[in-house]
Amino acid sequence: MGLRRVIGVAFAGSALALASGCGLTEDEPDLVAGKEAFNAKCGACHIMNRAGTKGTQGPNLDEAFRQALADGMERSGIEGAVEAQIDAPARLSKRDPVYMPADLVKGDDLRNVSAYVAESVAKRGKETGLLAEAGQPEVSDKPIAAKAGKLEIPAASAGLAYVANAATAEAGPLTITSPNPATVPHNIALEGGGVNEVGPVVEKDGVSEIKATVKAGQYTFFCTVEGHREGGMEGQLVVK
Ligand code: HEC
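Within each chain, residue numbers correspond to sequence positions counted from 1 in written order. Residues qualify for local features only when their pLDDT is at least 70, as the model is predicted, and side-chain atom pairs are given and counted only at 80 or more; totals for whole chains, interfaces and linings, by contrast, use all residues. With hydrogens and water set aside, each side-chain value is computed from the structure's full complement of heavy atoms.

Draft legend 1. Seen up close, the overall build of the chain. Each helix corresponds to a stretch of at least 4 residues labelled H or I by DSSP, and each strand to a stretch of at least 2 residues labelled E; elements are numbered beginning at the N terminus. A tally of helices and strands in the chain yields seven helices and eleven strands. Buried, partly exposed and exposed residues are distinguished by accessible area as a fraction of the type maximum, computed with a 1.4 Å probe on protein chains only: under 20%, between the cut-offs, and over 50%, respectively. Burial analysis of the chain (240 residues in total) assigns 43% to the buried set. At a minimum sequence separation of 6, the contacts of the chain that also span at least 24 residues come to 59%. Accessible surface, the chain as shown: approximately 12300 Å² in total, 53% of it carbon and sulfur. Should any heavy atoms of two residues lie within 4.5 Å, those residues are counted as being in contact. Only the protein chains shown count as cover for residues, and the accessible areas themselves come from Shrake-Rupley with a 1.4 Å probe.

Draft legend 2. Here's a closer look at the sheet that holds strand S10 (residues 217–222). Strand pairing is assigned whenever DSSP identifies at least 2 bridges connecting the two strands. The strand order across the open sheet built from six strands is S3-S5-S11-S10-S7-S8, with neighbouring strands paired in mixed fashion. A strand with exactly one partner marks an edge of an open sheet, and here the two such strands are strand S3 (144–145) and strand S8 (195–198). Bridge analysis of S10 against strand S11 (residues 234–239) gives six bridges, and the strand direction is antiparallel. Each residue of the ladder has a partner; that of Gln218, found in S11, is Val238.

Draft legend 3. Spotlight on unusual backbone geometry. In this structure, Lys204 takes a positive phi of about 45° despite not being glycine. Checked against the element boundaries, Lys204 lands in the loop between S8 and strand S9 (206–214). Residue class for Lys204 comes out exposed when judged on its relative accessible area of 55%. Phi at Asp205 takes a positive value of approximately 70°, unusual for a residue other than glycine. Since its relative accessible area comes to 62%, Asp205 is described here as exposed.

Draft legend 4. Structural detail: a negative patch on the surface. Residues qualify for a patch when their relative accessible area is over 30% and they have no salt bridge, like charges being joined within 9 Å and the nonpolar side chains of Val, Leu, Ile, Met, Phe, Trp and Tyr within 5 Å. The term salt bridge refers to a side-chain nitrogen of Lys or Arg lying within 4 Å of a carboxyl oxygen of Asp or Glu. Only four residue types enter the tally: Lys and Arg on the positive side, Asp and Glu on the negative side; His and the chain ends are excluded. In plain terms, the charge of a residue is placed at NZ if it is Lys, CZ if Arg, CG if Asp and CD if Glu. A contiguous patch of negative charge on the surface is contributed by Asp27, Asp30, Glu36, Asp108 and Asp109. Take Asp109: it is sitting in helix H5 (residues 107–120). Residue classification places Asp109 among the partly exposed residues on the basis of a relative accessible area of 32%.

Draft legend 5. Just the coordination of the iron atom of the ligand, in detail. Each metal's donors are the N, O and S atoms within 2.8 Å of it, or within 3.2 Å when it is Na, K or Ca, and because water is not part of the set, sites may look incomplete. Distances from the iron atom of the ligand to its protein donors, His46 (NE2) and Met100 (SD), fall at 2.0 to 2.1 Å. Any site counts as irregular unless it has four donors with all angles between 85 and 135 degrees, making it tetrahedral, or four or six donors with opposite ones more than 155 degrees apart and the rest between 65 and 115, making it square planar or octahedral. One can describe the donor arrangement at the iron atom of the ligand as octahedral, given that its six donor atoms subtend angles of 87 to 178° at the metal. Here the residue His46 occupies a position in the loop between helix H2 (31–41) and strand S1 (47–48), and Met100 occupies one in the loop between helix H4 (75–87) and H5, the gap between them amounting to 54 residues. Of the residues examined, Met100 reaches a relative accessible area of 25% and is grouped as partly exposed.

Draft legend 6. Representation of the environment of Met73 within the structure. Positionally, Met73 belongs in the loop between helix H3 (61–70) and H4. Residue contacts for Met73: discarding those within four places in its chain leaves Ala68, Ile78 and Ala81.

Right under this line is the structure:
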C-alpha cells in the first residue's frame, strides 16, 4: 500500500490532497475533513490523543491500536479495520445501553475519517498547522445572559462542549433550553443551591429543557450522558 505512505510525508504540510502519483485516478483522503468528521461523529465516545477527543463510552482508540501497531500491523491495515467497524459495528447488542451505531459517516467522510484515524491513532505529541485547528469545538468564555427568565445554552456541533462555559441570570423562575445540533446525544442539567434538575437527552436538533427557580448564587450546568461532563460539558451559571 504505497498509496497511504504519501500521507505520512504530506501530513503536516499544506499539500494534503496531493495526487498519489501511483497511477490511480482516486484523490488522496482529506485528513482535515477526516478530523472534523471524527471530532463531530466519533470523539464523544472515543479517546484519541491526537484529535484531543475525550469520550469514554467506546474503547480508547489509542490503546485499541497501540498493541496491533507494536505487533507489526500497518497503518493502512488500521484504515480498513476502521472502515469495517463503521460499516458494521454490531459487536454489541442494540439492547446494550451504549452501542456504536452503523454508518455514522459515509462516502468521502468514511474514507477521510478512516484515513485520519489510521494516520493519527496511538501517536504521541500534538498536531500542527491546519490539522491542529480542525474540528475543535468553539467554546466562548463570554457568559450567555438569560433574558426574561429564558436561557439558551446550545451544545457545540462537535466534541464534548456547550458553545459557552459560563452563563448569567437574574433570581427567579428560569427556563434553560439546550438545542443539540450533533448526532451524539446530549442534555442539560443544573445543580447547586438546592436545585437538581435533569433535562431529557436529545440528538439531531432536539432541544433539552429544564425549569428551576434560582436564587442569587453559583450553579453548575452540565450534560449527564456518561463521560460527557468529565469530557468538558460543564459550565457555571451565576445568578444575581
Ligand atoms: C455512541 C458511542 C460511539 C460512537 C459515536 C462511535 N463509537 Fe466506535 N465504538 C463504540 C463502542 C461501544 C465500541 C465497542 C463495541 C463495538 O465494537 O461495537 C466501539 C468500537 C470502535 C472501534 C473498535 C475498537 C476496538 O477495540 O477494536 C473502532 C475502530 C471505532 N469504534 C471507531 C469509531 C469511529 C471512527 C467512529 C465515528 C465514525 C465511532 N467509533 C463512533 C461507541 C461509539
